[in-house]
Amino acid sequence: MDRSPEFQSKFAKLQAEYYEQLPKRLADISEDWGVLCGVSWKNIKLEQLIAKLHQLAGTGSSFGLSRLTELSADLEAELRDYLIIQSIPDEVQRNQL
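Criteria and cut-off values
- Residues numbered from 1 in each chain as written.
- Predicted model: local features only at pLDDT ≥ 70, side-chain atom pairs only at ≥ 80, totals over all residues.
- Heavy atoms only, no water.
- Phe/Tyr/Trp six-rings, centres within 6.5 Å; stacked < 30°, edge-to-face > 60°.
- Buried < 20%, exposed > 50% of the residue type's maximum accessible area, 1.4 Å probe, protein only.
- 1 Å grid on protein atoms, 1.4 Å probe; cavity = no way out; pocket = protein on both sides within 12 Å on 5 of 7 lines; lining within 4 Å.
- Points joined across faces, edges and corners; volume = space filled by probe spheres on them.
- Helix = DSSP H or I, 4+ residues; strand = E, 2+ residues; numbered from the N terminus.
- Nonpolar A, V, L, I, M, F, W, Y, C, P; charged D, E, K, R; others polar.
- Expected span 1.5 Å × (residues − 1).
- Arc of directions from axis to C-beta.
- Contact = heavy atoms within 4.5 Å.
- Salt bridge = Lys/Arg side-chain N within 4 Å of Asp/Glu carboxyl O.

## A word on the packing of aromatic side chains
Turning to step 1, where the next piece is worked out: With the rule as written, the count across this model stands at 5 aromatic pairs.
Turning to step 2, where the next piece is worked out: Centre to centre, the rings of Trp 33 and Trp 41 are 6.0 Å apart; their planes meet at 80°, and the pair counts as edge-to-face.
Turning to step 3, where the next piece is worked out: The partly exposed category is assigned to Trp 33, whose relative accessible area is 22%.
Turning to step 4, where the next piece is worked out: By the ring-pair criterion, three or more aromatic residues cluster together here, those being Phe 7, Phe 11, Tyr 18, Tyr 19 and Phe 63.

## A short note on the layout of surface pockets
Turning to step 1, where the next piece is worked out: In this model, the largest pocket occupies a volume close to 290 Å³.
Turning to step 2, where the next piece is worked out: Leu 53, Leu 71, Ser 72, Leu 75 and Leu 97 are, among the 15 residues lining the largest pocket, the residues nearest its centre.
Turning to step 3, where the next piece is worked out: Ranked by residue count, the leading element in the lining of the largest pocket is helix α3 (residues 66-85), at 6 residues.
Turning to step 4, where the next piece is worked out: Here the lining of the largest pocket is built from residues that sort into 10 nonpolar, 3 polar and 2 charged.

## Concerning helix α2 (residues 43-59)
An α-helical turn contains 3.6 residues, so a residue and the one three or four places further along point in the same direction.
Turning to step 1, where the next piece is worked out: For α2, built from 17 residues, the straight-helix expectation of 24 Å at 1.5 Å per residue is met to within 8% by its first-to-last C-alpha distance of 24 Å.
Turning to step 2, where the next piece is worked out: Those residues of α2 that fall on the buried side of the exposure criterion are Leu 46, Leu 49, Ile 50, Leu 53, Leu 56 and Ala 57. Seen along its axis, α2 keeps its buried residues to an arc of 120°; they face one direction. Among the exposed residues of α2, those oriented more than 90 degrees off its buried face are Ile 44 and Gly 58.
Turning to step 3, where the next piece is worked out: Those residues of α2 hidden inside the fold are in contact with α1 (5-38) and α3.

## Considering the pattern of salt bridges
Working definition: two side chains of opposite charge can pair if their charged atoms are close together.
Turning to step 1, where the next piece is worked out: Evaluation of the coordinates by the stated rule reveals 6 salt bridges.
Turning to step 2, where the next piece is worked out: Between Asp 32 and Lys 52 there is a salt bridge, and its shortest N-O distance comes to 2.7 Å. Of the two residues, Asp 32 is situated in helix α1 and Lys 52 in helix α2; the sequence distance between them amounts to 20 residues.
Turning to step 3, where the next piece is worked out: The residue Glu 76 makes a salt bridge to Arg 80 at a minimum N-O spacing of 2.8 Å. Highlighted residues: Glu 76 and Arg 80, both in helix α3, separated by 4 residues, approximately one helical turn.

## Observations concerning the side chain of Thr 69
Turning to step 1, where the next piece is worked out: The residue Thr 69 is located in helix α3 in this model.
Turning to step 2, where the next piece is worked out: Residue classification places Thr 69 among the buried positions, given a relative accessible area of 15%.
Turning to step 3, where the next piece is worked out: Apart from the residues within four sequence positions on either side, Thr 69 is in contact with Leu 56, Ala 57, Thr 59, Gly 60 and Ser 61.

## Side note on unusual backbone geometry
Turning to step 1, where the next piece is worked out: Of note, Gln 86 is a non-glycine position whose phi angle comes to about 55°, a positive value.
Turning to step 2, where the next piece is worked out: When you line up the elements, Gln 86 lands in the loop between α3 and α4 (91-96).

No statement about biological role is implied by the geometric values presented.
See the structure below:
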């Protein structure tokens, strides 16, 4: 990995931007989950949620948030299973997610 001051400066800027945007990204995920559970369970909304979780899973550890990566990947996999089998989780299952 490039450890030059220029690289470190650019990486620090990217990391700061990532951390700044993270609360909004998490709020969007929470809102999507609320829509799925409360209003209507639609596959298109589920696919959008899975895509957002996939992005978090792919980027979190790059910025020192390995637990975020782990949790996002786990939730993505569980939700993808529901999409594949075309099943809607019941209330107990949703609460466990």
